[in-house]
Amino acid sequence: MEVDAIPQQTQEQPAQIDSADLVVGILADLGQDGVLKVCEGFLNLSGSHRIVVLQRDPVGDPAVANSQSAPEGSSLSFLPWSAAGPDPLAAPTQTISIACQSLFAMTDKLGARACCFVASEMENATPQWVCQLLQPLVESDFDLVAPYYAPRMFQGLLNSSIIYPLTRCLYGKRIHNPFGPDVGVSRRLAAKILGANRSNNGGSNQTHPLSLLAPIAACDNLQLCQVHVGARAYPPTDWTNMSSLLAQVLGPIFIEMERSAACWQRTRGSVSVPVHGECQDPSQETSGLDLNRMAETFRLGIRDLQEIWSLVLPPATLFELRKLSRSTADLVNMPDELWARIVYDFALAHRLQTINRDHLLRSMTPLYLAWIVSYARELETAGPARVEQRIEHLALAYEAAKPYLISRWRWPDRFNP
Amino acid sequence: MWDQVKQALNQSTTKFLTELAHLLPGVVALIVALLISCILAWVLAIVVRRLLAGVHFDEQLGRWGFASLKEWSPMNSPTRLVSRTTACLVILSGFLIGIAAFDAESTSLLVRSILAYIPNIVGAMLVLLVGSIVASFLARSVLIGAVNLNLQYARLLSLGVKWLVLVLAVAMALEHLKIAPGIVDLAFGILFGGIVLTLVLAVGLNSRELVSKSLERDAKEPSGEHVEEPFRHV
């Protein structure tokens, strides 16, 4: 039992609640009405369930809330969820990680069948969207229900450029948002994730629970599905602080890649994962990105960071990058094949600890910005309908370059083109 | 007159030969001590090199965060650096033992003062080693951070930080070696101040806009309410 992972305040409250069927953790700032709206959606669940809702701020009088939103024959309990401990501002980057851990531990402790983590706000949210994540867990015994957000041209670019294609290529499952963060998880999978993190024993290789979801589910042959949940409202991106974002997101992915190397080296190709719900068409949006500045940062990287990149990237890649930097103004056209190999080389350097890991991941920022410039320029004229096609092309490039990754991973000194 | 000169010359020749005969055993002992220490150093260096190669010392060092030590090592191999340092220390010890064999009061004093000075040398070397590692680490942090902030003078900033730390480390090492402490203090103050002033001018004149934008952004954001959570962006 991972009782340590449950924040103290949350532990004190469920003394009266000794079991539940479903646990729903709401970390998103939905407000009182939003939470009640989500709870209304539970009426759509078939059968009667004892549902425990963990939330950041209490929903007024719990008794009122219970009477208003509990489905007939079901019970609904609210618990305050101080997921980030006594001071939520103390360790902002750990908020979701701690919240996830405590949700999984609570699910395990209460013997619940499944849990659902809600960390995002939706544009035009319907009451059913959280329930949609729960339904496959309850009705069809799935272990992981991943969200399938409506595709956006210029949002969630880190997912489109690295997380989705890399996860798909490594583990062979086409999960479009492998990191959620809004996910439905069975108790079986939650227990496996707690076990994986416990075996790391809080050391430097402690990973993020969300980064473990898809790899563990895929490697252990658990049942996976995706649900169309609509368009996600993304928080504004701080482009000046992109290196921190890269370091904090890519670190756990690369650590997990190292842990599950035996599994992904056996996997070839990829298969689609069943999708429930109705797909939403991508909406037209303007990029709002300062592409000139991004291209300039890339050129600055070529000028000043070559010394670091030469420790990570093979000479052929460096040569191609130098050629790219000579292109005029903001016309940086990075081929998908080159980008895939760069990501693989950084993953390998992370494993070999060629240089300090934080330096390594932060030094990738100019290259990532170059990919964004290249992607944005291509889609600016193509329109939103081409987003999925473009990402599919990138994912195929990752898959085509997988033998390169495997060769370099197995023989890092010998195989260095 | 001629007999007196001849006698004086004979006496001084005899004295010189006697002194030389006195010294000879010491010189022979010094040569023997040096020869033995050289053989011992050679054997020890081979043993140390093989031991370190067995535990993949060079690779491990990179993992422990001392990758920059490679740059300072002969043929980019810290294993060679350690084995050669061990050999040098053994030869130095043999030399000191050989000198002590002269058994003269002055040589004993010399040996004693050299031995007493060794901790200072080791301390200074440690300070220099740590200083260079810290300098490289900070220089790389600053370089990456500055490039990501799109600062055109990223390399200058990084070099400035590197030399700042190196100058500090060298001044501390010289202080440890007790070499002209007054001059070192003064030179360090001037050099350190100069580097800081250069950096302040370079950054201040080039990034007024950046600083004002940053201040404006900070003023707009209510303090403490904005929590950046990377996993919300993915």
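Draft legend 1. Expanded view of the overall build of chain A. Across its full length, chain A carries 18 helices and 12 strands. By residue count, 50% of the 417 residues in chain A fall in the buried class. Long-range pairs, those at least 24 residues apart, make up 84% of the contacts in chain A between residues at least 6 apart in sequence.

Draft legend 2. Examining the overall build of chain B more closely. Summing up its helical and strand segments, chain B has 8 helices and 0 strands in all. Among the 234 residues that make up chain B, the fraction classed as buried is 19%.

Draft legend 3. Representation of the domain arrangement of chain A. Residues and elements named next belong to chain A. Taken domain by domain, chain A comprises domain 1 (3-276) and domain 2 (291-410). For the side of domain 1 that touches domain 2, the secondary-structure elements that each account for two or more residues are α6 (157-171), α9 (242-259) and α10 (261-266). The residue inventory of the side of domain 1 that touches domain 2, partitioned by class, reads 16 nonpolar, 7 polar and 2 charged.

Draft legend 4. Looking closely at unusual backbone geometry. We note that asparagine 221 of chain A has phi near 55°; this positive angle belongs to a residue other than glycine. Locating asparagine 221 of chain A in the fold gives a position in the loop between α8 (209-219) and β9 (224-230). Residue classification places asparagine 221 of chain A among the exposed positions, given that 8 C-beta atoms sit within 10 Å. One non-glycine residue with positive phi stands out, namely asparagine 150 of chain B, at about 65°. Position of asparagine 150 of chain B among the secondary structure elements: in the loop between α5 (105-148) and α6 (154-177).

Draft legend 5. Region of the structure containing the nonpolar core. Ranked by internal contacts, the top residues of the largest apolar core, which has 153 residues, are Val23, Val24, Ile26, Cys115 and Leu144 of chain A. Beyond its immediate chain neighbours, meaning those up to four positions away, isoleucine 26 of chain A contacts Val35, Val38, Val53, Leu54, Gln55 and Val118 of chain A.

Draft legend 6. View of the environment of valine 343 of chain A. All names here are of chain A. Tracing the backbone shows valine 343 in helix α14 (residues 336-352). Overall, the presence of 25 C-beta atoms within 10 Å leaves valine 343 in the buried class. The spacing of valine 343 and arginine 187 is 156 residues in sequence and 33 Å in space, taken between C-alpha atoms. Apart from residues no more than four positions distant in its own chain, valine 343 is found in contact with Ile162 and Leu166.

Draft legend 7. Highlighting helix α5 (residues 129-139) of chain A. All names here are of chain A. Within α5, 9 of the 11 residues are buried, which leaves the element mostly enclosed by the surrounding structure. Among all positions of α5, only Trp129, Val130, Cys131, Gln132, Leu133, Leu134, Gln135, Pro136 and Leu137 are buried. Where α5 terminates, the next one or two residues include aspartate 141, which has phi positive at roughly 55°.

Draft legend 8. Main features of α8 of chain A. Residues and elements named next belong to chain A. Most of α8 is tucked away: 11 of the 11 residues are buried. Taken together, the buried positions of α8 are occupied by Pro209, Leu210, Ser211, Leu212, Leu213, Ala214, Pro215, Ile216, Ala217, Ala218 and Cys219. Positive backbone phi, approximately 55°, marks asparagine 221, located one or two places after α8.

Draft legend 9. Spatial organisation of the pairing of strand β4 (residues 114-118) of chain A. All names here are of chain A. Within β4, 5 of the 5 residues are buried, which leaves it mostly tucked inside the rest of the structure. Sheet topology places strand β1 (residues 22-26) next to β4; 5 bridges connect them, and they run parallel. For valine 24, the partnering residue across the bridge sits in β4 and is cysteine 116. Direction of pairing for β4 relative to strand β8 (residues 183-186): antiparallel, over a ladder of 4 bridges. Bridge pairing in β8 links cysteine 116 to glycine 184.

Draft legend 10. Just the sheet that holds strand β2 (residues 50-55) of chain A, in detail. All names here are of chain A. An order of β3-β2-β1-β4-β8-β6-β9-β12 is seen for the 8 strands of this open sheet, with the pairing classed as mixed. The open sheet terminates on both sides in strands that have one partner only, identified here as β3 (75-80) and β12 (275-276). Across the sheet, helix α4 (residues 95-110) is in contact with β1, β2 and β4; its angle to β1 comes to roughly 165°.

Draft legend 11. Expanded view of the confidence of the model for chain B. Residues and elements named next belong to chain B. When pLDDT is averaged along chain B, the result is 80; 80% of the residues meet or exceed 70. The secondary-structure element of chain B with the lowest mean pLDDT is helix α8 (residues 208-220), recorded at 63, while helix α1 (residues 2-54) shows the highest, at 89. For the stretch residues 222-228, pLDDT sits under 50, and the model shows 6 contacts to residues farther than four places along the chain or on other chains. Scored as a whole, the predicted complex attains pTM 0.78, and scored at its interfaces, ipTM 0.82.

Draft legend 12. Quick look at the pairing of β1 of chain A. All names here are of chain A. Burial within β1 is extensive, with 5 of its 5 residues counted as buried. Residues Leu22, Val24 and Ile26 line one face of β1 and the alternating positions Val23 and Gly25 line the opposite face, and both faces are buried. As defined by bridge partners, β1 adjoins β2 across 5 bridges and the pair is classed as parallel. Each bridged residue has a counterpart across the sheet, and for valine 24 the counterpart in β2 is valine 53. In terms of handedness, the path from β1 via helix α2 (residues 31-41) over to β2 forms a crossover that is right-handed.

Draft legend 13. Structural view of the confidence of the model for chain A. All names here are of chain A. When pLDDT is averaged along chain A, the result is 82; 85% of the residues meet or exceed 70. No element of chain A has a lower mean pLDDT than helix α1 (residues 8-12), at 46, and none a higher one than α14, at 94. Confidence over residues 1-12 falls short of pLDDT 50; this stretch has 27 contacts with residues more than four positions distant or in other chains. In this model, residues 83-93 is a region of pLDDT below 50 whose contacts with residues beyond four sequence positions or in other chains number 21 contacts.

Draft legend 14. Local environment of the packing of α6 of chain A against helix α17 (residues 387-400) of chain A. Residues and elements named next belong to chain A. Their axes nearest at 9 Å, the elements α6 and α17 cross at an angle of 50°. Accordingly, the angle class assigned to the pair α6 and α17 is oblique. Note that α6 runs across α17; the crossing there is right-handed. Within the contact between the two elements, α6 uses Ser160, Tyr164, Pro165, Leu166, Arg168 and Cys169 and α17 uses Ile391, Leu394, Ala395, Tyr398 and Glu399. Partitioning the contact of α6 with α17 into residue classes produces 8 nonpolar, 1 polar and 2 charged.

What counts and how
- Residues numbered from 1 in each chain as written.
- Chains lettered and ligands numbered in written order.
- Predicted model: local features only at pLDDT ≥ 70, side-chain atom pairs only at ≥ 80, totals over all residues.
- Helix = DSSP H or I, 4+ residues; strand = E, 2+ residues; numbered from the N terminus.
- Buried ≥ 20, exposed ≤ 12 C-beta atoms within 10 Å, placed from the backbone.
- Contact = placed C-beta atoms within 7 Å.
- Domains from an automatic or database assignment.
- Nonpolar A, V, L, I, M, F, W, Y, C, P; charged D, E, K, R; others polar.
- Core = buried A, V, L, I, M, F, W, Y, C linked by C-beta atoms within 7 Å.
- Pairing = 2+ DSSP bridges.
- Axes fitted to C-alpha atoms, helices over the stretch in contact; angles between N-to-C directions.
- pLDDT = per-residue confidence, 0-100.
- Right-handed = clockwise from strand over helix to strand, strands pointing away.
- Parallel < 35°, antiparallel > 145°, perpendicular 65-115°, else oblique.
- Left-handed = near helix turned anticlockwise from the far one by under 90°.

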